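# Residue-level structural notes
Letter by letter, the chains look like this.
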Amino acid sequence: MFVLGIESSCDETAAAVVNNGNLLSNVIASQIKDHSAYGGVVPEIASRKHIEAISAVITQAMADAGLILSSIEGIAVTRGPGLIGSLLVGLSTAKALAYGLSIPLVGVNHLEGHIMASFLAEKKPGFPFVALVVSGGHTNVYLVKNYHEFQLLGQTRDDAAGEAFDKAAKLLNLGYPGGVVIDRMAKKGNPGAFDFPRAMKDSPDFSFSGLKTSLLTMVKKLGGHFTEAELADVVASYQEAIVDVLVDKTLKAAVNHHVAQVVVCGGVAANSRLRERFATAAAEKNLELFIPPMILCTDNAAMIGALGEIMLKNGRSDSLDLNAVSRWPLVPISAAGEKRG
Ligand code: KG4
Ligand code: ZN
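Rules used in this analysis
- Residues numbered from 1 in each chain as written.
- Chains lettered and ligands numbered in written order.
- Predicted model: local features only at pLDDT ≥ 70, side-chain atom pairs only at ≥ 80, totals over all residues.
- Heavy atoms only, no water.
- Pairing = 2+ DSSP bridges.
- Helix = DSSP H or I, 4+ residues; strand = E, 2+ residues; numbered from the N terminus.
- Axes fitted to C-alpha atoms, helices over the stretch in contact; angles between N-to-C directions.
- Contact = heavy atoms within 4.5 Å.

## Some remarks on the sheet that holds strand S9 (residues 261-265)
Pairing within the open sheet is mixed, and its five strands lie in the order S8-S7-S6-S9-S10. Both outer strands of the open sheet, strand S8 (149-155) and strand S10 (288-290), are each paired with one neighbouring strand and no more. Each adjacent strand pair in this sheet contributes to an overall mean axis angle of 25°, direction not counted. Sheet analysis places strand S6 (residues 129-134) next to S9, joined by four bridges and oriented parallel. Residue pairing for S9: valine 130 is matched across the bridge by valine 262. Contacts from helix H8 (residues 228-256) reach S6, strand S7 (139-146), S8 and S9, with the element oriented near 155° to S6.

Here's what the structure looks like:
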């Protein structure tokens, strides 16, 4: 089945074509340069930029797939969670296309999409597995029993891990998005140079707000002046504190639930230190690790199309009065049914 996926939940306008779980095209227009001056995503700017980009992005995705729109048999679009104004651009476009082409439309959960990205890699996980969804808005650990069957095992009580990266970069004036900059700078630093807190050691939940405060205290103490080498040590140590708890709690969850496979996904899964540490620690515990390629970790429409294709093949579709939702926790399909519409 040829499915067009559309994603616009935050600051990436994306479209992709999938067919039987294979990726035919994957186009992403990033708005990074439009938001970098503000150190974070400005929702109003994001919506406007999505409107400007979406037609060209879809046209490019069709061209890259070597298809024309009339070959598309279904549209999958991110319905939530995300910025409501941004979501509405993708959703309205998806509805117009579904209506114009007389093909089914399905609204997809962005978090579930991130998990599904692991199914687009050559080596695919098998159910059940434990999944860490770690992005700018979420830090959640799930037991994934089957398609649409999730059990939340742990989540952040305050900031998401991606937010912890972004806020630190803002505080240190390093640029945006913080995760990417810190990842690069940390390679030159010593991860053991400074001692940042690892919060909630004995809980399955996460907390990153104390980490941010402790960085602020350190910056104040040092008068805000660092040599380049010191700065590399600071960000390497800060990153290590985030990576430590993500690896530790995720793998503990897998062991505690007697699951042999672990999926790590979402924007922060693009972090090179996180990938390295997960690989070593999973091997030590005899767990099989699945992390999508970098381009499928950060926001993309391939993951939305892939999940949408499965949903459409299972007879799921939505009517054209489908609405976007800014909050949409992953809950089992029986409970989700009440929330749809
Ligand atoms: O999944 P994503 O693209 O958007 C959301 O759904 O939030 O994730 C974006 C987050 C941002 O916080 C960004 O700083 C972080 O992912 N990120 C990274 C890296 N690349 C992106 N964090 C750490 N290391 C990276 N290499
Ligand atoms: Zn995302």
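There is more to say after this.
## Re the sheet that holds strand S1 (residues 2-7)
What the five strands build is an open sheet, ordered S3-S2-S1-S4-S5; its pairing is mixed. The sheet is open, and its two borders are formed by strand S3 (22-30) and strand S5 (105-109), each paired with just one other strand. Across this sheet, the average inter-strand angle for adjacent strands is 20°, counted without regard to direction. For S1 and strand S2 (residues 12-19), the ladder comprises six bridges, and the chain directions are antiparallel. Looking across to S2, one finds that glycine 5 is bridged to alanine 16. Across the sheet, helix H3 (residues 84-101) touches S1, strand S4 (74-80) and S5, and the angle it forms with S4 is around 160°.

Honestly, that's just the spatial picture; any functional story needs more than this.
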